[in-house]
Each structure stands twice: as structure tokens, then as C-alpha cells.
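Analysis of the macromolecular model
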Amino acid sequence: SLIGQASFAKSIIKDNILTQYSIYNSKLLDKINEERYIEQHMNTALENNEFFVMYQPKIELLTDKIVGAEALVRWKNPKLGFLTPDKFIPLFERNGFIKKLDYYVYEQVFIFLQKRIDNDLPVIPISINMSRNHSKPDKFLRDFMQIFNKYTIPPHLIEIEIIERSVMDNNTLREITELLHKEGFSVAMDDFGSGESSLNMLTKIPVDVLKFDRTFLQSSLDENGNMDKESADFIETLVDLSKHLKKQTVFEGVETKEQRDFLKSIECDQVQGYFYSKPLSEPDFVAFMSSRDIFVK
Ligand code: C2E
Ligand code: CA
Ligand code: CA
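Residues numbered from 1 in each chain as written. Chains lettered and ligands numbered in written order. Predicted model: local features only at pLDDT ≥ 70, side-chain atom pairs only at ≥ 80, totals over all residues. Heavy atoms only, no water.

The number of helices and strands found in the protein is eleven helices and nine strands. On C-alpha atoms alone, the protein measures out to a radius of gyration of 21 Å, which is about the 19 Å that the 2.2 N^0.38 rule sets for 297 residues. Referenced to the eigenvectors of the C-alpha coordinate spread, the extents of the protein come out at roughly 65 × 50 × 40 Å. Taking all 297 residues of the protein together, 46% fall into the buried category. Here the protein has roughly 15,800 Å² of accessible surface; of this, 52% comes from carbon and sulfur atoms. A gap of 4 Å separates the mean positions of the 37 positive and 46 negative side-chain charges of the protein. (Helix = DSSP H or I, 4+ residues; strand = E, 2+ residues; numbered from the N terminus. Rg over C-alpha atoms; globule rule 2.2 N^0.38 Å. Buried < 20%, exposed > 50% of the residue type's maximum accessible area, 1.4 Å probe, protein only. Areas by Shrake-Rupley, 256 points an atom, 1.4 Å probe, with all protein chains shown as cover. Lys, Arg positive; Asp, Glu negative; His and termini not counted. Charge placed at Lys NZ, Arg CZ, Asp CG, Glu CD.)

Structure below.
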């Protein structure tokens, strides 16, 4: 058993020429075993509909109405239980499975919207996430349209959230954005302002919406729960900048009334966050929509 643990410890620093020793850590082994289990089961999980979509409402601050929602994937596995994306998406990005999962999520969203359209129920735009693994714009769009064309959903009801990967990739993202625009979809830059995105992209990628990363708000409150002055000034400048560039502004991670009131006072367009609602299961989201005013475009 000790020899097994020692060779496991050694295997962890296999490709790292700068580290000369390694200490066995049982937590790491649990993690590796869990990842192995996930990789062995991800395909059947997809076939068995273990993945499902939750919807987090987006609220327009001017009217306090629901103007959209973001589709967020979850996994319910018989052995691992209920999993949020941080438990499996990083692995799926490494092994490429995320592309398959993305298309599955898109189709679930299309099915949901189509059901509402067919029953003459009100519909609102749904945002879907595009993983950074889709690196070929033509191929992505072809596969996307193949699924989308099975339905009769007006394209303005779909918004695609893209994330910046590295400065070198701006051309790919621009191409994807332009192709999606041609088909009538809207495009949002997700996690804007987080570590990986640069101000430079603002002029290079013609997105319609800037979705500010939730880290802006995480550190924005002082000990009394009020917005601290520096964060407030900074956020206001960013919102002004986006408006100047004619982008819609959306803030994520709005958790308190102070944050909401502040964002409203600086005329940020929309917010998403626990203050209004956590991500909801489809039936809960439908109930949420009927309990509040929705803004049908
Ligand atoms: P994201 O796209 O930035 O999604 C927003 C995340 O913020 C969600 O986490 C949401 O539950 C969380 N959130 C919303 N409001 C609040 C709040 O007020 N406070 C805090 N602390 N958190 C809030 P979630 O659902 O765990 O998703 C995490 C990430 O996983 C997403 O970040 C997205 O990058 C990725 N993801 C989720 N679903 C999909 C998918 O279908 N495809 C792809 N490619 N990525 C996905
Ligand atoms: Ca997103
Ligand atoms: Ca985000």
C-alpha cells in the first residue's frame, strides 16, 4: 500500500522538472478517482438525461421586470448526487466533452422555448453559454444551426454568452460574433473585466452586451453593507464607458439591496443575482415568471 501511495505521489510531479519531491495526499487521490468516475460515466449520463438546465432570471432595473434568463447546467448523478458546474466543467474542458454538453444544453433550452411558443405562453430571451473549446467559428455555427433549425424559435430569443480566452483569440471571437449576428442572435461578453478579458476587446469584438464579472461586486461593500466609494466610482466609470460604446450593461452576482439600488442609480441596464433569484428549476422558473411582470420583446 505504501509503495502504491509513493508511486501515486511521484506520478503527480511527473511532468514538472522543477519539483524534486512530492508528498502523498489522500484528498488528491479522491479527486483523481472522482474525475476517473466522471470520465467513465459522462457519456451515459448524457444519454440518461442526468444533465438538466436551471434558469436564473435577469431583471431590467428601470422597470423591475424580468427581461431574460441564463441557462445554467446541473448534473444529478445516482452516485455523486447533485453537482454544480465547478465540479465537472473544468474536467470537460480538458477532455473536450464540454462541446457535446453545450449542444445538449442548447437543445434543452430550445425545447423549453418551443413548448411555450406552441402553447401561446409568454417567452423571454434565454442566454446560453458557449465554452471556450469551440475554436472553429464555421463548425460551431453549422452544428448550432443544425439544432436550432429543428425548431421555430425567433432568433432574437437566443443570446449567446462568449468568454474571452486570450488576446490572440480575438479574431475567432469576432468571427463567431459576426456569424451569430448574421443569423439574428445576440451576443454577450461574459465575465467581462475578470482576469482574462482585456479592454482592448471592446473595439475588436462587436458584442451587444457586456456582462460584468461578479468579482466587481464581491469586494464592493464596506463593513456597514454600503457600497464603498472607490468601487462605486470604478463601476460607474465602467458603465459609462459601456454606454458610450452602445453596449447593454448587465451585472452578475447582485446579492444585496444596496448593490441593486446603486446599479439602478448609475443606470446599469440589467442585473442577475441572488437578490432577485437563484438559478431555478424549469417549473420554479415558470412559476417565477407568472408571479412577476415580464417584459415581452
Ligand atoms: P457564469 O456563466 O458566470 O454563470 C453565473 C454563475 O454565477 C452561476 O454559477 C450562478 O449560479 C452564479 N451566481 C448567480 N448569481 C449569483 C450571486 O448573486 N452570487 C453568487 N455568489 N453567485 C451567483 P453556476 O451555475 O455554478 O455556473 C458556474 C459557471 O459554469 C458559469 O459561470 C459558466 O461559466 C459555467 N456554465 C454553467 N452552465 C454552462 C453550460 O451550459 N455551458 C458552459 N459552457 N458553461 C456553463
Ligand atoms: Ca454565463
Ligand atoms: Ca459570468
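Text resumes after the structure shown.
It is worth spelling out the pairing of strand E7 (residues 209-212) at this point. Neither face of E7 is exposed, since Val209 and Lys211 on one face and Leu210 and Phe212 on the opposite face are all buried. Judged from the three bridges that link them, strand E6 (residues 186-192) and E7 form a sheet pairing that is parallel. When the sheet's bridge partners are listed, Ala188 is paired in E7 with Val209. Two elements, E7 and strand E8 (residues 248-252), share four bridges in a ladder whose sense is parallel. Its bridge partner being in E8, Lys211 is matched across the sheet by Val250. (Pairing = 2+ DSSP bridges.)

In this section: the coordination of the calcium ion (ligand 3). Surrounding the calcium ion (ligand 3) are the protein donor atoms Asp190 (OD), Asp191 (OD), Glu252 (OE) and Glu252 (OE), which sit 2.1 to 2.9 Å from the metal. We note that the donor set of the calcium ion (ligand 3) lies within a single chain, spaced as D-D-x60-E. (Donors = N, O, S within 2.8 Å, 3.2 Å for Na, K, Ca; no water.)

Attention now moves to the coordination of the calcium ion (ligand 2). The coordination sphere of the calcium ion (ligand 2), as far as protein atoms go, consists of Glu70 (OE), Asn129 (OD1), Glu161 (OE) and Asp190 (OD), spread over 2.1 to 2.3 Å. Of note, the donors binding the calcium ion (ligand 2) are all from one chain and are spaced E-x58-N-x31-E-x28-D. Separating the calcium ion (ligand 2) from the calcium ion (ligand 3) is a distance of 4.0 Å, and Asp190 supplies a donor atom to each of them. On the criterion of sequence distance, the pair formed by Glu70 in strand E2 (residues 65-77) and Glu161 in strand E5 (residues 158-162) is long-range, its members being 91 residues apart. A relative accessible area of 3% means that Glu70 is categorised as buried. Judged by relative accessible area, which is 1%, Glu161 ranks as buried.

What follows is about the nonpolar core. What tends to happen in soluble globular proteins is that the nonpolar side chains get buried as a cluster. Within the largest apolar cluster, 80 residues are counted, with the highest numbers of intra-cluster contacts made by Phe51, Phe92, Leu101, Phe144, Ile235, Phe251 and Leu263. Considering each element in turn, this core owes the most residues, eleven residues, to helix H4 (residues 97-118). Excluding residues that lie within four positions of it along the chain, Phe144 makes contacts with Tyr103, Tyr106, Phe110, Ile128, Ile158, Ile160 and Phe185. (Core = buried A, V, L, I, M, F, W, Y, C linked by side-chain atoms within 4.5 Å. Contact = heavy atoms within 4.5 Å.)

With that out of the way, let us pick up the site of ligand 1. Near ligand 1 lie 22 residues; those nearest to it are Arg74, Asp102, Arg214, Glu255 and Tyr274. Between ligand 1 and Gln56 there is a distance of 3.0 Å, counted from a nitrogen atom to a side-chain nitrogen or oxygen. Between ligand 1 and the protein, one listed contact pairs an oxygen atom with a side-chain N or O atom of Asp191 at 3.2 Å. Within the complex, the protein chains bury 85% of what would otherwise be the 800 Å² of accessible surface of ligand 1. When residues of the shell around ligand 1 are assigned to their parent elements, the largest contribution, four residues, is made by E2. Looking at the shell around ligand 1 residue by residue, the classes come out as nine nonpolar, five polar and eight charged. (Near = heavy atom within 4 Å. Polar contact = N/O pair within 3.5 Å; in protein donor to acceptor, adjacent residues only side chain to side chain. Nonpolar A, V, L, I, M, F, W, Y, C, P; charged D, E, K, R; others polar.)

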